[in-house]
Amino acid sequence: MTQRTIVRRVRGMDTADGAGVKLKRVIGQPALDMLDPFLLLDEFRSDQAGDYIEGFPDHPHRGFETVTYMLAGRMQHGDNKGNRGDLGPGSVQWMTAGSGLIHSEMPQQEAGLMWGFQLWVNLPASDKMIAPRYQDIPPGDIPVVQPADGVTVRVVAGELAGATGPVSGIATQPVYLDIALDAGARFDLSLPEGHSAFAYVFDGTSATVAGGPLARSELAVLSKGDTVSFAADEAARVLLVAGRPLDEPVARYGPFVMNTPAQIHEAIADFRAGKF
Ligand code: MN
């Protein structure tokens, strides 16, 4: 058994994206540019409508996947191919942008709390130009397991305690878990040894992850290994995400993530020519 440890800690950076949505960017900022295969992690959380009401109007994506996990509030996602997804509390949308689409993400409320995450997951070179694919997952389709006393886990992707998350067919073989720890709870999680992995505390004040303290709004980059330990003195929730690193060149320009600069120029030209 190889225990993972904390390699580094990163705090989210306050910023805005879309048409002015305030959010905390945790991966995809100067302190943590990427964590192969993860390109970006945003936490959005506000009960002030002015912080989110303008949403994310039409924007392109090519070459990667966007994963939205809603904790509170309602968003509608749509694209120029006619796809629509209504995302309410506890739901997940795993969107494989592939060759490209023009996407929008707009709030469906004018007041109240809007809270959730968006993660960007890279695609291998061989899959960057595949047809777009959506996995829209309502809350009731996400298994909830109790792998130890005082530990409740929603399994979005990966396997835990006999449950398999509903997200399927993803190249990077992701593990995506929402882990709720009661006060005094502890638990050891098995993970694929070579996967990149991070933990992010998003509720409560802190937790002990991989043997070290982790404060709310702090992300821990974890070492390689097959086990991660969790403990909490007070109730906390932790997002644990892992995936197979691609170890391929990354050429990145905003919402286009390819392998070479030439492919980025092609993406921009295709977008301008209306080929998305
Ligand atoms: Mn989008």
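The model shown is predicted, which means the values in this text are computed figures rather than measured ones.

Calculation criteria
Residues numbered from 1 in each chain as written. Predicted model: local features only at pLDDT ≥ 70, side-chain atom pairs only at ≥ 80, totals over all residues. Heavy atoms only, no water. Helix = DSSP H or I, 4+ residues; strand = E, 2+ residues; numbered from the N terminus. Rg over C-alpha atoms; globule rule 2.2 N^0.38 Å. Buried < 20%, exposed > 50% of the residue type's maximum accessible area, 1.4 Å probe, protein only. Contact = heavy atoms within 4.5 Å. Areas by Shrake-Rupley, 256 points an atom, 1.4 Å probe, with all protein chains shown as cover. Lys, Arg positive; Asp, Glu negative; His and termini not counted. Charge placed at Lys NZ, Arg CZ, Asp CG, Glu CD. Donors = N, O, S within 2.8 Å, 3.2 Å for Na, K, Ca; no water. 1 Å grid on protein atoms, 1.4 Å probe; cavity = no way out; pocket = protein on both sides within 12 Å on 5 of 7 lines; lining within 4 Å. Points joined across faces, edges and corners; volume = space filled by probe spheres on them. Nonpolar A, V, L, I, M, F, W, Y, C, P; charged D, E, K, R; others polar. Pairing = 2+ DSSP bridges. Axes fitted to C-alpha atoms, helices over the stretch in contact; angles between N-to-C directions. Expected span 1.5 Å × (residues − 1). Arc of directions from axis to C-beta.

Draft legend 1. Representation of the overall build of the protein. Scanning the protein for helices and strands turns up one helix and 26 strands. Relative to the compact-globule value of 19 Å for 276 residues, the protein shows a C-alpha radius of gyration of 18 Å, a close match. Projecting the C-alpha coordinates of the protein onto the three principal axes gives extents of approximately 55 × 45 × 35 Å. Relative to its full complement of 276 residues, the protein shows a buried share of 54%. For the protein, the share of sequence-separated contacts (at least 6 apart) that also reach a separation of at least 24 residues comes to 71%. Of the roughly 11,300 Å² of accessible surface on the protein, 48% is carried by carbon and sulfur atoms. Looking at the protein, you have 23 positive and 33 negative side-chain charges, and the mean spots of the two groups are 3 Å apart.

Draft legend 2. Broad picture of the coordination of the manganese ion. Taken together, His-59 (NE2), His-61 (NE2), His-103 (ND1) and Glu-105 (OE) make up the protein donors of the manganese ion, found 2.0 to 2.2 Å from the metal. Every donor residue of the manganese ion comes from the same chain, spaced as H-x1-H-x41-H-x1-E. Here Glu-105 lies in strand β10 (residues 101-107) and His-59 lies in strand β5 (residues 56-61), a separation of 46 residues in the sequence. A relative accessible area of 18% places His-59 in the buried class. A residue is classified by how much of its surface remains accessible, and Glu-105, at 4% relative accessible area, is buried.

Draft legend 3. Fine view of unusual backbone geometry. Here the bond from Asp-36 into Pro-37 is cis, since omega is 10 degrees, no more than 30 degrees from zero. We note that Ser-217 has phi near 70 degrees; this positive angle belongs to a residue other than glycine. The residue Ser-217 is located in the loop between β21 (212-215) and β22 (218-222) in this model. For Ser-217, a relative accessible area of 14% translates into the label buried. A positive phi is found at Asp-247, a non-glycine position, where the angle reads about 55 degrees. Judged by relative accessible area, Asp-247 falls into the exposed class, the value being 70%.

Draft legend 4. Here's a closer look at empty space enclosed by the protein. All chains considered together, the criterion is met by one cavity of 30 Å³ or more. If you add up the space inside the largest cavity, you get close to 30 Å³. Surrounding the largest cavity, Val-21, Lys-22, Phe-44, Arg-45, Ser-46, Asp-51, Tyr-52 and Met-114 form its lining. Among the elements of the structure, β3 (21-27) and β4 (38-46) are those that each provide at least two residues to the lining of the largest cavity. The element contributing the most residues to the lining of the largest cavity is β4, with three residues. Its residues placed into classes, the lining of the largest cavity shows four nonpolar, one polar and three charged.

Draft legend 5. Region of interest: the sheet that holds β3. The seven strands are arranged β2-β3-β4-β11-β6-β9-β12 in an open sheet whose pairing can be described as antiparallel. Two strands lie at the open edges of the sheet, namely β2 (13-17) and β12 (133-137), each paired on one side alone. Ignoring strand direction, the axes of neighbouring strands in this sheet form an average angle of 20 degrees. As judged from the eight bridges shared by β4 and strand β11 (residues 114-122), these two strands associate in the antiparallel manner. By the bridge assignment, Phe-44 is partnered in β11 with Gly-116.

Draft legend 6. Molecular detail of the sheet that holds strand β23 (residues 227-231). The antiparallel open sheet is built from four strands, whose spatial order is β18-β23-β20-β21. With partners counted over all chains shown, the strands left at the sheet margins are β18 (186-190) and β21, one partner each. The mean angle between the axes of side-by-side strands here comes to 30 degrees, regardless of whether they run parallel or antiparallel. Two strands pair when backbone bridges link them, and strand β20 (residues 206-209) and β21 are joined in this way by four bridges, in the antiparallel orientation. Its bridge partner lying in β21, Ser-206 is registered against Ala-215.

Draft legend 7. Region of interest: helix α1 (residues 261-272). Here α1 spans 17 Å end to end across 12 residues, near enough to the 16 Å set by a 1.5 Å rise per residue. Listing the buried residues of α1 in full gives Ile-264, Ala-267, Ile-268 and Asp-270. Relative to the axis of α1, the buried residues are bounded by an arc of 165 degrees and lie together on one face. Looking at α1, the residues exposed on the side facing more than 90 degrees away from the buried face are Ala-262, His-265 and Arg-272.

Geometric values such as these leave the question of function open.
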